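Examination of the molecular architecture
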Amino acid sequence: MSEQNVEITREAFEAWGRGDREAWVAMFDEESELYSLRAQLEGHPYRGHDGLRRFLADLDEHWDYVRFGVREIRDAGEQVVALVDFKARGSASGVELDSPVALVVAVRGGKIMYGRFYSNPDEALAAAGLPK
């Protein structure tokens, strides 16, 4: 099951990378929760498919582009940790970001149920019980 969870996570990043937003949303369960860094600051996740579409709209509002370069996806038993390079350009500022981040994902029944971004990849690994 863990290998399947890694593959589902990889497929979600591939859908993102090719710009297939509906395929990306479809990788998530209707009851899923996504905690972007912004959502964590504001104290609420994006919930379900409508929430994920709101997440995409929020990104469009603030960024010219957002890309994730997957460096590694690690199996953590019940969870998966994706270590990625976050690349984006602010739409108002034009500032370019290129920063390592991580995403902890939980998959159930072939769908992503939970995702939480970490600005510090070591914290994500620790949260999933993995070594640095």
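Some remarks on the pattern of salt bridges
Here the structure, examined in full by the defined rule, presents 12 salt bridges. Residues Arg 21 and Asp 60 are paired through a salt bridge, measuring 2.6 Å at the closest nitrogen-oxygen approach. On the criterion of sequence distance, the pair formed by Arg 21 in helix H2 (residues 21–26) and Asp 60 in helix H4 (residues 48–62) is long-range, its members being 39 residues apart. Between Asp 85 and Arg 71 there is a salt bridge, with its nearest N and O atoms 3.1 Å apart. In this pair, Asp 85 sits in strand E4 (residues 79–90) while Arg 71 sits in strand E3 (residues 63–76), placing the two residues 14 residues apart along the sequence. The network of salt bridges with common partners includes Glu 22, Asp 50 and Arg 53.

Description of the pairing of E3
Regular strands show a simple pattern: their side chains alternate between the two faces of the sheet. Where E3 lies against E4, 12 bridges are found, and the strand directions are antiparallel. Bridge pairing in E4 links Ile 73 to Ala 82. The hairpin formed by E3 and E4 contains two residues between the paired strands, and Gly 77 there has a positive phi angle of roughly 75 degrees.

The rules we used
- Residues numbered from 1 in each chain as written.
- Predicted model: local features only at pLDDT ≥ 70, side-chain atom pairs only at ≥ 80, totals over all residues.
- Heavy atoms only, no water.
- Salt bridge = Lys/Arg side-chain N within 4 Å of Asp/Glu carboxyl O.
- Helix = DSSP H or I, 4+ residues; strand = E, 2+ residues; numbered from the N terminus.
- Pairing = 2+ DSSP bridges.

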